[in-house]
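Reading the structure
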Amino acid sequence: MWTFSAPLIAYGDHALEYLAQIQGKKAFIVTDKNIVKLGLAKLVTDQLDTVDIKWEIFDEVEPEPSLITIKKGGVAVAKFQPDWVIGVGGGSAMDAAKAIILLFARPDLEPDALSITETYNFRAKARLMAIPTTSGTGSEATWAIVLTDTVLNRKLGLGATECMPDVAILDADMVAGMPPLITADTGMDVLCHAIEGYVSTWGTTITEGPGLVAARRVFEYLARAYKDGKDIQARKEMMYAATLGGMSFGNAMAGLGHSTGHALGAIFHVPHGRTVGMFLPYTMEYLMNDSAETTAKYAEIARFCCGASGSDTECASKLVGEVRALAKAIGQPLSIKECGIDKAKFDAEIPALVDRALNEVMTITVTRVPGEEDLAKIFEYAYTGKRIDF
Ligand SMILES: [Fe+2]
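Residues numbered from 1 in each chain as written. Predicted model: local features only at pLDDT ≥ 70, side-chain atom pairs only at ≥ 80, totals over all residues. Heavy atoms only, no water.

1. Here's the deal with the overall build of the protein chain
- Looking only at helices and strands, the protein chain features 13 helices and eight strands.
- The C-alpha radius of gyration of the protein chain comes to 20 Å, within 12% of the 21 Å expected for a compact globule of 390 residues.
- The principal-axis extent of the C-alpha atoms belonging to the protein chain is close to 60 × 45 × 45 Å.
- Buried residues in the protein chain amount to 57% of all 390 residues.
- Expressed as a percentage of contacts within the protein chain between residues at least 6 apart in sequence, the contacts between residues at least 24 apart total 77%.
- For the protein chain, the computed accessible surface area is about 15900 Å², with 53% contributed by carbon and sulfur atoms.
- With 37 positive and 49 negative side-chain charges, the protein chain shows a spacing of 3 Å between the two charge centroids. (Helix = DSSP H or I, 4+ residues; strand = E, 2+ residues; numbered from the N terminus. Rg over C-alpha atoms; globule rule 2.2 N^0.38 Å. Buried < 20%, exposed > 50% of the residue type's maximum accessible area, 1.4 Å probe, protein only. Contact = heavy atoms within 4.5 Å. Areas by Shrake-Rupley, 256 points an atom, 1.4 Å probe, with all protein chains shown as cover. Lys, Arg positive; Asp, Glu negative; His and termini not counted. Charge placed at Lys NZ, Arg CZ, Asp CG, Glu CD.)

See the structure below:
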């Protein structure tokens with residue numbers, strides 16, 4: 001049996017006005033200082049004020065939120081006793097909101113003990129909402145949580161299925177101010193979610209639709225949003241694509257681009273979307289070289305998104321080329337070298353990169369599961385930009 005999870009989605013012009021319809025008395029807003037400074041948190045609280053919902057802002061979320069921050073949020077939420085917890089920001093703020101609402105239900109737990117198999121019943125106390133200010137992680141439509149253990153210098157992939165937000169609000173006013181580099185980094189993450197979710201061995205007919213539409217919108221609108229941040233149609237379409245991408249990979253799981261990208265990002269501190277987007281074409285070539293089934297699925301995406309025609313192999317190859325062309329058009333690196341990583345330092349870390357990638361679940365949700373040797377070769381090829389020929 002499979003299940004498909006998604007939040008109620010309020011979207012379109014003035015979508016933030018949905019806040020004035022929610023039932024409740026108190027909202028605990030989880031965000032970061034920059035979102036407050038940019039006036040985006042105020043757009044949320046202004047709506048809450050219209051219906052006299054009391055609010056408190058916890059603005060201490062940092063990129064890749066630490067367990068320490070989550071614990072602080074857990075103390076603050078327990079003190080405030082809200083009936084809504086609202087994550088406002090990029091993936092970090094939304095993920096932090098998910099972890100904090102779990103601690104609200106179980107203040108006795110350490111944040112890194114939050115588990116996918118546990119039931120927390122946090123809705124007995126509060127409901128969860130996500131309002132994205134970037135178009136990338138799709139966290140508003142997934143139950144996943146990524147935190148950082150700053151003491152042991154490790155990333156923690158946590159989450160619980162009940163952490164799917166009850167409501168996601170998609171309002172273009174919240175994403176319109178994203179600078180070009182963040183637009184590009186996060187946009188490549190969307191493409192990776194869409195394509196990897198589509199070919200995942202956990203993918204189904206139900207998850208394919210969101211992935212396919214998300215990929216098409218990225219090819220159509222990401223370069224536009226990157227070149228002209230005021231292009232509101234491009235902003236809106238990328239915002240919707242990000243949520244659809246989240247629905248795709250959140251239910252079907254991502255793949256090798258994510259496991260290799262996570263490994264590189266964790267060791268060399270390169271932003272998530274930039275690394276997974278960079279690895280995407282290499283890992284597509286790797287899967288194509290072994291699986292007619294995956295090649296056929298890439299070909300479907302290419303025909304739907306890029307007007308490709310011809311054999312499955314020709315269409316799938318075109319898709320790989322289109323991914324690289326889009327990355328290039330928006331100033332994204334096409335190789336590890338172009339990420340600015342020193343060769344000697346990279347070589348020294350290959351065993352650690354392989355080890356990290358092997359320990360990611362996304363390494364096994366693909367039609368060709370690499371071992372140590374192949375992973376090391378993928379990393380080596382991706383350093384110089386060599387096409388995968390094995
Ligand atoms: Fe991602």
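2. Structural notes on the packing of aromatic side chains
- Inspection of the entire model under this criterion finds seven aromatic pairs.
- Among the aromatic residues, ring-to-ring pairing joins Phe 28, Phe 58 and Phe 80 into one connected group.
- Looking at Lys 125, its charged tip hangs above the ring of Phe 104, at a distance of 4.7 Å from the centre.
- Directly above the ring of Phe 390 sits Lys 377, whose terminal nitrogen or CZ lies 4.2 Å from the centroid. (Phe/Tyr/Trp six-rings, centres within 6.5 Å; stacked < 30°, edge-to-face > 60°. Lys NZ or Arg CZ within 6 Å of the ring centre and 35° of its normal.)

3. Describing the sheet that holds strand E2 (residues 26-30)
- Strand order in the open sheet made by the six strands is E1-E8-E5-E4-E2-E3, with parallel pairing throughout. Sheet topology places strand E1 (8-11) and strand E3 (54-58) at the edges, where each strand pairs with a single neighbour. For this sheet, the mean inter-axis angle between neighbouring strands, taken without regard to orientation, is 20 degrees.
- Inspection of the sheet shows strand E5 (residues 127-132) paired to strand E8 (residues 167-170) by two bridges, in the parallel sense. Within E8, the position partnered with Ala 130 by the bridge is Ala 168. (Pairing = 2+ DSSP bridges. Axes fitted to C-alpha atoms, helices over the stretch in contact; angles between N-to-C directions.)

4. Some remarks on the domain arrangement of the protein chain
- Considered domain by domain, the protein chain is made up of domain 1 (8-174) and domain 2 (180-384).
- The gap between the C-alpha centroids of domain 1 and domain 2 is 27 Å.
- Counting residues at the interface gives 17 residues for domain 1, matched by 19 residues for domain 2.
- Taken together, both faces of the contact between domain 1 and domain 2 bury some 1600 Å²; the carbon and sulfur share is 63%.
- Across the pair Asp 13 and Lys 236 runs a salt bridge, and its minimum N-O distance is 2.8 Å. (Domains from an automatic or database assignment. Buried area = accessible area lost by both parts, 1.4 Å probe. Salt bridge = Lys/Arg side-chain N within 4 Å of Asp/Glu carboxyl O.)

5. Details of helix H7 (residues 232-252)
- The end-to-end C-alpha distance of H7, which contains 21 residues, comes to 30 Å, matching closely the 30 Å that a straight helix rising 1.5 Å per residue would cover.
- Most of H7 sits out of view: 15 of its 21 residues are buried.
- Just past H7, the residue Met 253 takes up positive phi, approximately 80 degrees. (Expected span 1.5 Å × (residues − 1).)

6. What to know about the packing of helix H3 (residues 67-80) against helix H4 (residues 91-105)
- Viewed as axis vectors pointing N to C, H3 and H4 meet at an angle of 55 degrees, and their least axial separation amounts to 8 Å. Of the possible angle classes, the one that applies to H3 and H4 is oblique. Considering the relative orientation of H3 and H4, their crossing is right-handed. Across the interface between the two elements, Ile 70, Lys 71, Gly 73, Gly 74, Val 77 and Ala 78 of H3 pack against Ala 96, Ala 99, Ile 100, Leu 103 and Phe 104 of H4. (Parallel < 35°, antiparallel > 145°, perpendicular 65-115°, else oblique. Left-handed = near helix turned anticlockwise from the far one by under 90°.)

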